[in-house]
Amino acid sequence: MKYETQKIAYQYFVAATLLFGLQVIFGLLTGAKYVWDYDPLMNIIPFNTSRAIHINLLVVWLLIGFMGGTYYLVPEEAETDIYSPRLAAVQLYLFVAIGVAAIIGYLAGWSWGMPFLEQPTVLKFGIVIVALIFLFNIFMTMMKTKKWTVIQGVLLGGLVMLALLFLFGIFFVRNLSTQYYWWWWVIHLWVEGAWELVAGSIIAFILLKMTGVDRELVEKWLYVEVGLVLFTGIAGTGHHYYWIGTPGYWLWVGGIFSALEPVPILFMVFDTLRDVREKKIEIENKIPLYWAVGSAVMHFLGAGVWGFAHTLPQINKWTHGTQVTASHGHFAFFGAYVMINLTMIYFAVPRITGVVRKGHGRSLVALRFMVFSIFFMVLALAIAGIVQSYLQRILGMDYLTTQDYLKLWYAVMWVSGWGVVTGVFIYIFDFFSMGRPPKITA
Amino acid sequence: MTLSQGRAIFIWGTVISTVIFLGLTYDSISKMPKRTHAEELSDAVADGKWTWQRYNCNDCHTILGIGGYYAPDLTKVMSQRDPEWTKQFLKDPHKVWPAKRRMPNLHLTDNEIGNLVAFLTWVNGIDTNGWPPKPMAVAAAGSTPLPGEAVFRAQGCSACHKLNGVGGDIGPDLTHVGSTRTPDWIKQQLENPRSHFPNSPMPSFSKLSPKDMKDLVDFLSSLK
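Residues numbered from 1 in each chain as written. Chains lettered and ligands numbered in written order. Predicted model: local features only at pLDDT ≥ 70, side-chain atom pairs only at ≥ 80, totals over all residues. Heavy atoms only, no water.

## Remarks on helix H10 (residues 210-221) of chain B
All names here are of chain B.
Inference 1: The first and last C-alpha atoms of H10 sit 16 Å apart over 12 residues, in line with the 16 Å expected at 1.5 Å per residue.
Inference 2: Among the residues of H10, those classed as buried are Met-213, Asp-215, Leu-216, Val-217, Phe-219, Leu-220 and Ser-221.
Inference 3: Along its buried surface, H10 packs onto helix H7 (147-154), strand E3 (162-163), helix H8 (177-180) and helix H9 (183-191). (Helix = DSSP H or I, 4+ residues; strand = E, 2+ residues; numbered from the N terminus. Expected span 1.5 Å × (residues − 1). Buried < 20%, exposed > 50% of the residue type's maximum accessible area, 1.4 Å probe, protein only. Contact = heavy atoms within 4.5 Å.)

## Some words on the domain arrangement of chain A
Residues and elements named next belong to chain A.
Inference 1: Domains assigned within chain A are domain 1 (1-148), domain 2 (179-355) and domain 3 (357-433).
Inference 2: The C-alpha centroid of domain 2 is placed 20 Å from the C-alpha centroid of domain 1.
Inference 3: If you look at the interface, domain 1 gives 28 residues, while domain 2 gives 32 residues.
Inference 4: Both sides together, the interface formed by domain 1 and domain 2 hides about 2600 Å², and carbon and sulfur atoms give 77% of it.
Inference 5: It is Phe-66, Tyr-72 and Met-114 in domain 1 that bury the most area against domain 2; as a group they hold 23% of the surface buried on that side.
Inference 6: Where domain 1 touches domain 2, the interface holds 2 salt bridges.
Inference 7: For the salt bridge of Glu-77 with Arg-215, the shortest nitrogen-to-oxygen distance reads 2.7 Å.
Inference 8: The tally of links from domain 1 across to domain 2 stands at 6 residue pairs in polar contact (both at pLDDT 80 or more).
Inference 9: Elements supplying a minimum of two residues to the side of domain 1 that touches domain 2: helix H1 (8-35) and helix H2 (47-78).
Inference 10: The element contributing the most residues to the side of domain 1 that touches domain 2 is H2, with 13 residues.
Inference 11: Residues belonging to the side of domain 1 that touches domain 2 are distributed by class as follows: 19 nonpolar, 5 polar and 4 charged. (Domains from an automatic or database assignment. Buried area = accessible area lost by both parts, 1.4 Å probe. Salt bridge = Lys/Arg side-chain N within 4 Å of Asp/Glu carboxyl O. Polar contact = N/O pair within 3.5 Å; in protein donor to acceptor, adjacent residues only side chain to side chain. Nonpolar A, V, L, I, M, F, W, Y, C, P; charged D, E, K, R; others polar.)

## So, the interface of chain B and chain A
Inference 1: The interface is formed by 75 residues belonging to chain B together with 80 residues belonging to chain A.
Inference 2: The junction of chain B with chain A conceals about 6800 Å² of combined surface from both sides, 66% of it contributed by carbon and sulfur atoms.
Inference 3: If you sort the residues of chain B by the area they bury against chain A, Phe21(B), Tyr69(B) and Arg101(B) come out on top, with a joint share of 12%.
Inference 4: At the surface where chain B touches chain A, the tally comes to 3 salt bridges.

## As for a nonpolar patch on the surface
Inference 1: A grouping of Ile11(B), Trp12(B), Val15(B), Ile16(B), Val19(B) and Ile20(B) is seen on the molecular surface, where their side chains present a nonpolar patch of about 540 Å² in accessible area.
Inference 2: Structurally, Ile11(B) can be placed in helix H1 (residues 3-35). (Patch = residues over 30% accessible without salt bridge, like charges linked within 9 Å, V, L, I, M, F, W, Y side chains within 5 Å. Areas by Shrake-Rupley, 256 points an atom, 1.4 Å probe, with all protein chains shown as cover.)

Structure, rendered in C-alpha cells:
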C-alpha cells in the first residue's frame, strides 16, 4: 500500500464479506423451498421475498466489493490520494443503509417487482445518489493525476457505463415487453458489459502488480479483451430478445453475437496464465493468484461454456425459462464476479493491514469448498433444467407435475449449497484473521 | 501487436456493436407496439401490470420466460385457463388448486384480481416468435385434440384429477373414466357432483356453456 487513503477500501471489503455470508444463507433458505413442498415460512418469507433478498444481496455485495477495489486501485494508478476519504465513508454507509431498508421492505412486502430491480423507486434514487458520490470522488481523484493509465480509463469507463445503464431500470413502463427490453439494458449490459470492464481492469492491475510484467503488455491485452467483450456483449444482448415480443431478426443477431461471447473469456484465461508464466518478480503471496486463475477458469466454464450451451435460439427455445438458466446464472456469477472480488480482497487486505501470515491453507480450503460445491450445485440444476425442458416442452407435462421429477436434483443442489456456505464461512473467518488496518495517522 | 492497435480493436469493436445495437433498438421499439397489440393495452392492463409488480409475482413465476422458476410460466396462461377460474384461483389459490407446492393467499381485492386477469389476457396476445413451443410429443402425434380437452385444461381439472399419470390426487384418476361411466352420468356429475357423492368437494360446473359442457362430456367419455 502506497497511499494512506487506500485504507478506505478495507471498510468496503468488510461490508462485502458480511453481506456475502448473508446472501448464501438466503440461498439455502430459497433452495429449501424447492426440496420440501411444505413451507412453514410461506406467510413470513415466501419464495419471492427470499429470492429477491438472495439476488439483491449478491448484486449489492459485489458492487461494494468493486467500489472497495476501485478505492484501493485508483490511488496507486493515479499516484495520488483519494480526493475525499470522508465522502467515500459516507457513500458506504448510505449504500448499506439503503440495502438494509430494501431488505426490511421486502420482508414487509414493499417491492417494485422487476427481478433484480425490486428496490422501490425512492430507494433507487438513493442508489443513484450513491453512484454519483462514488463517481465524483473517483473522477476528482483521477483528475489529480499527472498520467492517465489505460487501467484507470477502462475502470472509469466501466463505472460510468454501470451508473448510466441503471437509469433504464428505474421507470415504470406500461408495456411489459418494452419494460423488459430496457430491463435487459441494466441486467445484461451490466454483467456482460460494464462489470466486465471493471473486473477486467481490476484483474489487469493485480496481475501487473503481482507478476511485474510490462505495463504495456498488460494494457494492450486489456484493450483487446474489453474490445472483444463489448463487441460480442453489446449486440449479444439480442439473445434476451428472442421471445419477449421483439422482432424475429434478434434470433439471428442475438445468436451470432452471443455465440462469440466465449471468445474474449477464453482470451482472458490465456492472458492470465501468460502473465503468471512470464512473471518477472518472485510472488510471495500466491493466494490472490490462485483465486485469479480459478476465476478465469470458472468464468470461462460458467459464463462461456454454460452460456454458449443454451444461447442459440434453436436450443434456447426449449430451455428458456427453466432451471437451465438458474444453473448458468449461479455458475457465471460465481466464476466471473464472486471470485474476482475475492481475488481483489486477498490481494488488497494484507497490503492494507500489513499482517504477514505464514500459511494460506485456510483460504485454499475455502476456495476448494466453494469451487467444488458450486460445480455440483450447477450440475444438479443443469440436470434438473434438462429434465424439466424434456418433460414440459417435449412431452407437454404440466409445470407443477414436472417438479415432482426434479426433487432428487433439487436435493443434490441443496446439499451442495451447504458446501458453498461452508466455504463462504471459512472465507469469512479467514478474512478477519488477516488483521485490521492500523489507525490512520493524522 | 502494439498498444495503439489494441486501442483500435477496443474502439472499433465497441463502436460497431453499439451502432448495430442502437439501430436495431430503434427499429424494435417502433415495431413492438404492433407485435404486442398495444392498442389493447388499457388502463386496466397497466394497473394489472403494477399489481403484478407490487406483489412481486415475478420472483416466483416467470413471464416471457423471465423471473423465478418456482411457479408456472404465465406468458400464455390465459390460453389454458378460463378467466372466471383464474379469478377464483387468485381469490384463494389453495382452495381452488390444492397443489403440493402452494401459492400464498395474497388477499387481493376484486379490483386487483380483475386488473391482473386483464394484464395476463393482454400478455397472452404478445407475439413471442412462437415461444413457448408446442410440445414436441403433441406435435408429433399429429392429431388435433378434442375440443373438450381444451375445456378440461381451461377449467383446471388436472388440479385434482389424473390423466395418464399427470395431475392431482384429490379426485379419482380419469384415465379410463369413459369405460366405467356413461355420458349422462358424467354430465350429471359435472353439473351436480353431490347428487352422486353427498360429501364431494368437487365444485359444480353447471356454469359451462352448453357447447363446452357437451365437448367436455364427449372428451371424458372418449377416455377408455
